Amino acid sequence: MNLLIVDDEPLAVRSVVNAIDWSRLHIDSVLEANSASQAKELFAREPIDIMLCDIEMPKESGLKLLAWVREQYPATAPLLLTCHADFQFAQEAIKLGSVDYLLKPIPPDELEAAIRKAINLVHTQKEMKRQRETWVKHHPLFIERFWMDVLKREIPGSPEAIAQTARERNIHLPEGQITLIRVQVHRWSKSLSMRDEKIMEYALANALGETCGKLGASFGIVTAERGCLLAMIEVKAEWRSVRAELEAYIADCRRFFYCDLSVYVGEPTRIHEIPEMNDRLATLMLDNIASENQVLFLGASHRKGSTIDWPDMKIWQFMLRDGARSALLEEVEDFFRRLRQASGLSVMMLHQFYQDMLQVVYTVLNEKGIRAHQLFQDKVSIELADHAVRSVYDMWQWTSHLIGKALDYQEEIKAHESVVEKVKQFIVDHLGEELNRESIASRFFLHPDYLNRLFKRETGLSMTEYLLIERMRMAAELLRKTDMPVTDIALQVSYSNVSHFAKLFKKQFGVNPNEYRQAARESRKCIASKSKSER
């Protein structure tokens, strides 16, 4: 592994070189550069795994060099040095992907810790690259297809039919019983594209294969569905060792593959009974709504703890109505912390809580004229709602989001002058569009009647009246200042029927549009003539 030190002060470079036992860190080569241009030359000549770079350098700063490295050599793990604790520097360094931001002078132990962090990042990136290349070259399609056919009951469920199909596909099967292991990913701690998620699942499967190899003979690992792996093994180890190895697998997955997951272990069974065993494990998974990052054995007792103490929803409703954000969110956090330790919890109970929580929030929002279905139609709200009953953690995330968003909007409409001003500006900005009370109110997630009352109390006009006045004002201005045909002006303020527009205009100004334009022209001529005579 290579490391490059970039600093315009040669003494600073030498002090870093002498401060670290590089062989202990398995750094094979330490390269030196005294400017960004020298560093770029070294990058062109040989691969650089880690770059330790000073920020303040003449001609080209360390931040500019880092931006260039991230674009040209993204696999390099960068560390930045500076003499000044400048927040803007730190913010830019983090934005550009610096592993760490270090202040000079750096104690050797802190410098070594930062370099170790960079080394770990390089190893992780190389492992992911290796897994990606392996996945592309060696995806075991035939074995996976066979086991998926067994699990989906597309092969007749008799031992003879399964054995015959295995022989036809040249797939080796165990003579004894087989144990089904189900790995379920709850969530990824990093945002992943669909492609990267598949690569990570492949890495999980490879790691699971290595673990299964320690427990006995592995006969296949398949991706049953998104985030779900199934392993078929003939267990030869003691069950105590099975738990220990699977717990180590979970720890490694959390560390290297950035996910929370659970592992479910079935009972030893014959191959033709695997579909039923998979159904039982799926039921165990659905019932497991409180535990994560644990190994759960089918038939074992998993729930120990206190009984469930459900919250008084009337109190929560009062706190939400009163806007007691901190107190309510503390209550929510405390409830879910206790819920994760409770016994007897089921998916049905989470569904009941979900409905009760919706009723609380929707009741309060309805009292305040807020349309809940519009407030919560964004992508994040929909995804959290879809996942809410999966686990206690997911329900907590959804509940906190629901309360937080409801309180945010409550606080916004409390300052009703601000809302009315926003509505007025919205109307002015969209005069050429089809607008009505409903479309305007939906833009602000409020009930039309409630917003109209609010608007009239503040302006003395209904929204419809204000919209008409603003449209006629714009039409009058266009008549005075342009030669646009009346038909085009009517369209500019959203009237396709010119006769109807002319009727409304006359009602507003006492004359029709053409008469108004003529009067405006005569008025301008009169003013111009008077001005000329005065000169």
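Structure: see above.
The structure reproduced in this document is the subject of the present report. Counting restarts for each chain, with residues numbered from 1 along the sequence as it is written. In keeping with the model being predicted, local features are shown solely for residues with a pLDDT of at least 70 and side-chain atom pairs are shown and tallied solely at 80 or more, while totals for entire chains, interfaces and linings include all residues. No hydrogens and no water enter the side-chain calculation; it runs on all heavy atoms of the structure.

### Some thoughts on the layout of surface pockets
Heads up, the condition is: Put plainly, a pocket is an open set of points on a 1 Å grid over the protein atoms alone with protein on both sides within 12 Å along at least five of seven lines, a cavity is a set where a 1.4 Å probe fits but cannot get out, and a lining residue has an atom within 4 Å of a point. Grid points are joined across faces, edges and corners, and a volume is the space filled by probe spheres set on the points. A run of H or I in DSSP becomes a helix once it reaches four residues, and a run of E becomes a strand once it reaches two; helices and strands are each numbered from the N terminus. Basically, the charged four are Asp, Glu, Lys and Arg, the nonpolar ten are Ala, Val, Leu, Ile, Met, Phe, Trp, Tyr, Cys and Pro, and anything else, Gly included, counts as polar.
The computed volume of the largest pocket comes to approximately 960 Å³. Contributing to the lining of the largest pocket are 28 residues, with H186, R187, W188, H387 and R390 lying nearest its centre. Of all the elements in the fold, those that place two or more residues in the lining of the largest pocket are β6 (179–188), α8 (194–215), α10 (274–287), α15 (379–387) and α16 (392–414). Of the residues assigned to the lining of the largest pocket, the class counts are 11 nonpolar, eight polar and nine charged.

### Some thoughts on the sheet that holds β6
Our working rule: The rule for pairing is simple: two strands pair if DSSP sees at least two bridges between them. Think of each axis as a best-fit line through the C-alpha atoms, taken over the contacting stretch in the case of a helix, with angles from 0 to 180 degrees between the N-to-C directions.
Pairing within the open sheet is mixed, and its five strands lie in the order β7-β8-β6-β9-β10. Taken across any chain shown, the strands that pair with only one partner, and hence form the sheet edges, are β7 (216–225) and β10 (295–297). Geometrically, the sheet is characterised by an average inter-axis angle of 20° between neighbouring strands, direction not taken into account. Both β6 and strand β8 (residues 228–235) contribute to a ladder of six bridges, which runs antiparallel.

### Focus: the packing of helix α6 (residues 141–151) against α10
Spelled out, the test is: Any angle from 65 to 115 degrees is called roughly perpendicular, while one under 35 is roughly parallel, one over 145 is roughly antiparallel, and all others are oblique. Contacts are assigned to residue pairs that have any heavy atoms within 4.5 Å of one another.
Running from amino to carboxyl end, α6 crosses α10 at an angle of 80°, the nearest separation of the two axes being 8 Å. Our classification of the angle between α6 and α10 gives roughly perpendicular. In contact with W147, V150 and L151 of α6, α10 contributes I274, P275 and N278. In terms of residue class, the contact of α6 with α10 is made up of five nonpolar, one polar and no charged.

### Let's talk about the nonpolar core
Spelled out, the test is: Only buried Ala, Val, Leu, Ile, Met, Phe, Trp, Tyr and Cys residues count toward a nonpolar core, and they belong to the same one when joined by side-chain atoms within 4.5 Å. Residue burial is assigned from relative accessible area. The probe radius is 1.4 Å, only protein chains are included, and a residue is buried under 20% of its type maximum, exposed over 50%, and partly exposed in between.
Among the nonpolar cores identified, the biggest contains 55 residues, and L320, M357, M395, V423, I440 and L451 are the most heavily contacted of them. Per element, the largest residue contribution to this core is 10 residues, and it comes from helix α13 (residues 347–367). If sequence neighbours within four positions are ignored, I440 has contacts with V423, F426, I427, L435, L451 and M463. V183, L215, Y249 and F257 belong to the second-largest nonpolar core, a separate cluster that totals 29 residues.

### With respect to the pattern of salt bridges
Defined as follows: For salt bridges, the criterion is a side-chain nitrogen of Lys or Arg within 4 Å of an Asp or Glu carboxyl oxygen.
What the rule picks out here adds up to 33 salt bridges. E60 serves as the salt-bridge partner of K40, at 3.2 Å between the closest nitrogen and oxygen. Residue K40 is located in helix α2 (residues 36–45), and its partner E60 is located in the loop between β3 (50–54) and α3 (62–72); the two are separated by 20 residues in the primary sequence. The partner of R187 in a salt bridge is D394, with the nearest N and O atoms 3.5 Å apart. Placement of the pair is R187 in strand β6 and D394 in helix α16, with a sequence separation of 207 residues. Given the relative accessible area of 16%, R187 is considered buried. The buried category is assigned to D394, whose relative accessible area is 12%.

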